[in-house]
Structure formats: C-alpha cells, structure tokens
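Now for the letters of each chain:
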Amino acid sequence: MMVVESLAVFLILAAMEFVFLRAHRKGNALQIAPLLILPGGHFLANLLPDLVPALEMSVQLKSLIDILCMMIAVALMGLLSAGLKSAKTKAAYLLICGGFTLLLGVIFLYNYHQ
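Residues numbered from 1 in each chain as written. Predicted model: local features only at pLDDT ≥ 70, side-chain atom pairs only at ≥ 80, totals over all residues. Heavy atoms only, no water.

Caption draft 1: Just the overall build of the protein chain, in detail. Along the protein chain, the regular secondary structure elements total 5 helices and 0 strands. Along the first, second and third principal axes, the C-alpha atoms of the protein chain reach 50 × 25 × 20 Å. Burial status across the protein chain gives 34% buried among its 114 residues. Expressed as a percentage of contacts within the protein chain between residues at least 6 apart in sequence, the contacts between residues at least 24 apart total 67%. For the protein chain, the exposed area adds up to about 7,100 Å²; of that, 75% sits on carbon and sulfur atoms. Charge separation in the protein chain, taken as the distance between the mean sites of 7 positive and 5 negative side-chain charges, equals 26 Å. (Helix = DSSP H or I, 4+ residues; strand = E, 2+ residues; numbered from the N terminus. Buried < 20%, exposed > 50% of the residue type's maximum accessible area, 1.4 Å probe, protein only. Contact = heavy atoms within 4.5 Å. Areas by Shrake-Rupley, 256 points an atom, 1.4 Å probe, with all protein chains shown as cover. Lys, Arg positive; Asp, Glu negative; His and termini not counted. Charge placed at Lys NZ, Arg CZ, Asp CG, Glu CD.)

Caption draft 2: Region of interest: the environment of Ala-14. As for its placement among the helices and strands, Ala-14 is situated in helix H1 (residues 3–22). A sequence separation of 15 residues divides Ala-14 from Ala-29, and the C-alpha atoms of the two residues are 9.5 Å apart.

Caption draft 3: Just the nonpolar core, in detail. Among the nonpolar cores identified, the biggest contains 10 residues, and these are Leu-13, Ile-32, Leu-35, Leu-36, Ala-73, Met-77, Leu-80, Leu-84, Tyr-93 and Cys-97. For this core, the secondary structure elements donating two or more residues are helix H4 (59–81) and helix H5 (87–112). With 3 residues, H4 is the single largest residue contributor to this core. Listed in part, the 8 residues of the second largest apolar core include Leu-38, Phe-108, Leu-109 and Tyr-112. (Core = buried A, V, L, I, M, F, W, Y, C linked by side-chain atoms within 4.5 Å.)

Structure (structure tokens):
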C-alpha cells in the first residue's frame, strides 16, 4: 500500500524543512510545509490499522483520507501563495507544488484500486 514510499517522501520533505529552518529561511520552510500533509496522512492511514488491530479501515476510507489530505494541502498552498510577490512566482509555486501533491495523490489512489 506504498507505506514505505510515503514515509520516504515524508522524510525527504521533512529534511528539506529542517535545512530551511536551520538556514533561518522560515518563509521557505513554511511554503513547503503543505507538501508534508499528503505523505504523512497516507502513512498514518495505512499504519494505524496495523498498530491498532481493533481499528479497521476500508480502502474507501483510506482513499477518502488521501483525498482530504490533498484538498487541505492544496488549500494551504493557495493561502500561502498570497504572500508571494509576483504573479509568475505564485503561478510557478502553485503549479509545481500543487502538481506534485496531485500526482502523488493520484499514485496513492491508483495503488489502492489496482
């Protein structure tokens, strides 16, 4: 169910957050923070039923969690893009980060239903 892959993506993005914070680039760290939501949510949705046997999640519920994580991440990206100065920078930020989130979400969803 791509648990290891989602954890790998999460850890890479968390490492980027750490590097930005250590370099005192809090604005950059804040801009990439929404990228952590989808891989983190996917990892937890697939890990919790293994840790708590009484908690059973259907594929539909896990898919719903991934879709909600995508929606929250993209909404936060939209809010954070308001702080960017130029329209080109906003468009590039939304296209790249939103595209990454959408593509990752589609991969997770496709993996559930194959």
